[in-house]
Amino acid sequence: VKPGNYIIIVSSVGYIKQTSNITLTNKDLVLKRISLVENVEMLKGIEVKGTAAQMVVRGDTLEYNASAFQVPENAAVEDLMKKMPGVEIVDGKVTVNGEQIKNIRVDGKKFFSGDVEQAIKNLPADMIDKIQVLEQKSDMAQLTGFEDGDTERIINLTTKVNRRKGVFGNIGGGGGVDATLFEKGSVGDDARNNVGDHLRYTGNGTVNFMNGNSQTTITGGANNLNNSRGARGRGSWGSNGVSNNQNFGLNNNTIATNNLKFGGDVTINHSSNFNKNENYKETYSRDSEGKDRTDIDTSSSISRNNMWNANLRLETEWKIDTLNTIIIQPRMEYSTSKSSSARDYTYMYLNDLNENDTTSWGDSENYSERNSISGGLNVIYNHKFAAKKGRSLTMNVNTSFSQSGSDGLNFSEKYSKNNIGNIDTTIIDQKTINSSHKYSYSMRVSYVEPLWNLKNMLEISASYNNNTTNSVKEQYNRDATGDYSTEMDSIYSNSFQNIFHRGSVELNYSYKDEFYNIRLGLEGQPSWTKNLREYGSGIGNRDTAYSVLNFAPNARFQYNFGRKTFVRIDYRGRTQQPDIDQMQPVKNNSDPMNETVGNPALNPSFNHDFRLMYSAFFDSTFASLSTVISASMTKDALGSNRIYNEHSKQYSQTINIPNLPLNLGWSIMYNTPLISKLLHFNTNTNFGYRMQYAYVLRGVNDDEINQAIDNNNFMRGQENSTKSGNVSESISLTLTHEFIELGLRGNVNYSHSQNTMRKDPTKTWNWGSTGNLVLRLPYDFTISSDITYSDRKGYSGGMNQQEIMWNATLDKQLFKKKATLKFQANDILHQRLSIRQTIGDNYIQNSRYNTLPSYFLLTFTYQIKGFGAGNSRGNRREGFRGGDAPVGIPPGGYQGGGIRMGGGMPM
């Protein structure tokens, strides 16, 4: 600014304008603090009223308005999300319109990164203003402006303005009993004789410290209600079985200065689980004579698992100056587990008389202990060139390591009929010691150059990746003295090393305009793999090496009809490297009826993904429409090759499928208020089609199979394919009022599956309906109830059953609404079935598993509320209108991924 006299004018809606005179010279001028005075008379005149639309589509961002859904006092974010159209939460996994959500952020800041349950189960629902579903680019892609294949669908929780400064949270706990304690007969008598097994408890606490630029959350909990409360992926077993869980978590995001941001999280989780399963499986195959055959596998199992898991993630972002930025992200994880299991099984096949003919049966017991530690460091450096706006150089270096070890005992007895009708017996009593070490490093360099203007950008990038894995397996037979350390099993003992190198050279072009944007790219991906194998005595060593070159194109076209309507077409090709367990050419007899055969000659698969998306929001009616068409095909897909001996023992190997497996999907979602501020309607329609391939062969002689494995020339079965399609429809109505909420939902799903080795197709129908009611009564009482009816048709193995699930709660607010006393009854009618069906490439499996019985629970929760003053106006906004843009969505375009760690959401 040139020297001279100037007038500074500072104004803001709701405040009295202030002016001041200043004189500038050739030196920097530091101004004194400028304080604005509220215009109280004008503030009193402001009142915003409007319909709270349940859902708004803003470009490629789906935004739910939390105020449009009623939830009980002290409800968690999970309770709020379960009411939202298109959102499903099953076994702790969150999907929105069929896409799984793997990360959640709070006001744009990372929140227990990769741990969705920590957010949805611990954060209180009444702190949430909006729930946004959007695409999140990787940290490097945000710096370069070009996607790098690591974009994922995330949820961003925006908090109410009056909750962004202060201390808030809740602490509570309670206890209860299973309903079986009150039943008559042997079931009730057994429960009363073992009361300790039928007591339920829960305790948890969450405290949030919010102070503008600093956000800290502390969580902790313990329960035996199958509620993992944030156990990270490997630390939880979902809803199967009955689990005890304890956890602690700490998350922080801090903006120390305008140029320095840091944060991270630490979690410690413990889970123990008791699981019972019953399985009925039909497998379709063809024998060596070309005759179709159906085999039936029935089994029951009991398992107990105990796991500890600890994670540490840190992150620092430092803007060295206006041109240079560095991001440093270290991470560590440690886990230890113990497990034991027992299983019995029977293998049969349908003979010419359509009768079950038993081929094999047996049982097994296993025990194992496992420890693992892993860590890594990711560093990103970005330099912007002062000579030309838009020009940048970005480098990303990532290193990681993992080390694991396990000890296991395996005892099994297998009985099978031989060709002359006699019974052959096989007994295994062994100890196995496994160890594995893995190290990887990668580097990517990206150079971005603006062409004739900033709308046209060009990126040139190159990367290199190396993974080295070493594994050793030592297997010992039990000797006459009961010792496992003297007799090594040379057939099943081995060492294996895999070295994988992959490079890439990529060229990308992008054009961004107010109404449309285009991205085109092409990537060359050469890869080289080497396997070094050492077997036990008498077998020797074998080494293999091979290389592959793939080209991965990518393209995107998006046209914005307005701020709330757009259409987009995406295509991306990508390579998937096989896992070491698929390549490792080593025999494994841990399961006497299933043996895995490694395939060191596997090529990486190459996947083609296509997606067409259209979404629109209509201001006049508050209606939202979203539709997505997706398709994927895979070259050299990693599929299964199964060979069965005369006794139905399965030898399975991963192979590259020569055909192209295909997946097609189409979803349509429409949401609109039928009566303003009162009644909402939602419909969600889905179509799906899938083509799977597998190779299967029955009745092969054991000697022939073993010779093929030893010679590294495993036979291939006969090709079979499974075509499966499904259609589903879900319709819901929600009546929302200050004193009552009533929800009704109906859904139907039809699936059709046809395997080439089975004459008749499999057709199943699932019907369901759900009703929920919330009544807010005088004297701060609230009654909540939900009831779900489901019916199944077309299932085999006795799975065609009906189910009615009824849950209810009664809440009473105490101490000026600072506390809540709740009585809860789960599965009042005792009808939970806990069944699941899986359709595979040449099989259909139905499973029944144990889970929590009906129970009653009484809990007390106390709210911690200490908010900063002066922000109460933030929660006055009740709805959206016109061109309002949600926090986090930049105006003028909807590219997604604009969130940066620690700094909140850009406006």
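Here, every reference points to the structure presented above.
Residues numbered from 1 in each chain as written. Predicted model: local features only at pLDDT ≥ 70, side-chain atom pairs only at ≥ 80, totals over all residues. Heavy atoms only, no water.

**Describing the side chain of Ser854**
Thinking step 1. Topologically, Ser854 is positioned in the loop between strand 42 (843-849) and strand 43 (855-867).
Thinking step 2. Within the structure, Ser854 has its side chain in polar contact with the backbone oxygen of Asp827 (distance 2.4 Å).
Thinking step 3. A polar atom in the side chain of Ser854 sits 2.8 Å from the side chain of His830.
Thinking step 4. Beyond its immediate chain neighbours, meaning those up to four positions away, Ser854 contacts Asp178, Ala179, Asn826, Asp827 and His830. (Helix = DSSP H or I, 4+ residues; strand = E, 2+ residues; numbered from the N terminus. Polar contact = N/O pair within 3.5 Å; in protein donor to acceptor, adjacent residues only side chain to side chain. Contact = heavy atoms within 4.5 Å.)

**Comments concerning the pairing of strand 35 (residues 718-736)**
Thinking step 1. By the bridge criterion, 18 bridges tie strand 34 (residues 679-700) to strand 35 in an arrangement that is antiparallel. Within the sheet, the bridge partner assigned to Asn686 lies in strand 35 and is Ser728.
Thinking step 2. As paired elements, strand 35 and strand 36 (residues 740-755) share 15 bridges and run antiparallel to each other. By the bridge assignment for strand 36, Thr734 is matched with Gly743.
Thinking step 3. What sits between strand 35 and strand 36 in their antiparallel hairpin is a turn of 3 residues. (Pairing = 2+ DSSP bridges.)

**Remarks on unusual backbone geometry**
Across residues other than glycine, the phi torsion is negative in most instances, and most of the peptide bonds are trans.
Thinking step 1. Positive phi, close to 50 degrees, is recorded for Asp107, a residue that is not glycine.
Thinking step 2. With respect to the helices and strands, the residue Asp107 is situated in the loop between strand 8 (104-106) and strand 9 (109-110).
Thinking step 3. Exposure remark for Asp107: the relative accessible area of 7% places this residue in the buried category.
Thinking step 4. In this structure, Lys816 is a non-glycine residue whose phi angle is positive, near 55 degrees. (Buried < 20%, exposed > 50% of the residue type's maximum accessible area, 1.4 Å probe, protein only.)

**Overview of the sheet that holds strand 7 (residues 99-101)**
Thinking step 1. Strand order in the open sheet formed by 3 strands is 5-6-7, and the pairing between neighbours is antiparallel. At either margin of the open sheet sits one strand with a lone partner, and together these are strand 5 (87-90) and strand 7. With strand direction ignored, the average angle separating the axes of adjacent strands in the sheet is 30 degrees. (Axes fitted to C-alpha atoms, helices over the stretch in contact; angles between N-to-C directions.)

**Examining a nonpolar patch on the surface**
Thinking step 1. Taken together, Leu777, Tyr779, Phe781, Ile783, Leu810, Phe815, Leu821, Phe823, Leu858, Phe860 and Tyr862 make up a surface patch of nonpolar side chains, about 1000 Å² in accessible area.
Thinking step 2. Counting residues per element, the ones that place at least two in the nonpolar patch are strand 38 (781-793), strand 40 (819-826) and strand 43.
Thinking step 3. In terms of residue count, strand 43 provides more of the nonpolar patch than any other element does, 3 residues in total.
Thinking step 4. Position of Leu821 among the secondary structure elements: in strand 40.
Thinking step 5. Looking at Leu821, the relative accessible area reads 35%, which means it is partly exposed. (Patch = residues over 30% accessible without salt bridge, like charges linked within 9 Å, V, L, I, M, F, W, Y side chains within 5 Å. Areas by Shrake-Rupley, 256 points an atom, 1.4 Å probe, with all protein chains shown as cover. Salt bridge = Lys/Arg side-chain N within 4 Å of Asp/Glu carboxyl O.)

**Here's the deal with the environment of Tyr516**
Thinking step 1. In this fold, Tyr516 is placed in strand 25 (residues 516-535).
Thinking step 2. We classify Tyr516 as partly exposed; its relative accessible area is 28%.
Thinking step 3. Taking the C-alpha atoms as reference points, Tyr516 and Tyr559, 43 residues apart in sequence, are found 4.2 Å from one another.
Thinking step 4. If we skip the residues at most four places from it in the chain, Tyr516 touches Tyr511, Phe557, Gln558 and Tyr559.

**Observations regarding the pattern of salt bridges**
Thinking step 1. Within the structure shown, the criterion is met by 26 salt bridges.
Thinking step 2. Put simply, Glu117 and Lys121 hold a salt bridge, and the shortest N to O gap is 4.0 Å. A residue pair is termed a helical-turn pair when its members lie 3 or 4 positions apart in one helix, as Glu117 and Lys121 do in helix 3 (residues 116-122) at 4 residues. Taken individually, Glu117 and Lys121 each receive the classification buried, so the pair is uniform in this respect.
Thinking step 3. The residue Arg313 makes a salt bridge to Glu315 at a minimum N-O spacing of 3.3 Å. Here the two residues Arg313 and Glu315 agree in accessibility, since each one is buried.
Thinking step 4. Several salt bridges share partner residues, and in doing so they unite Lys110, Asp139, Asp265, Arg313 and Glu315 into one network.

**Remarks on the pairing of strand 30 (residues 623-635)**
Thinking step 1. Note that strand 29 (residues 605-618) and strand 30 share 13 bridges and pair antiparallel. Considered in strand 30, the bridge of Ala616 is made with Leu625.
Thinking step 2. In sequence, strand 29 turns back onto strand 30 through a hairpin of 4 residues, with Phe622 there showing a positive phi of about 60 degrees.
Thinking step 3. Here 10 bridges tie strand 30 to strand 33 (residues 662-675), and the two strands are oriented antiparallel to one another. Bridge pairing links Ile629 to Trp666 in strand 33.

Functional significance is not addressed by these values, which are geometric in nature.
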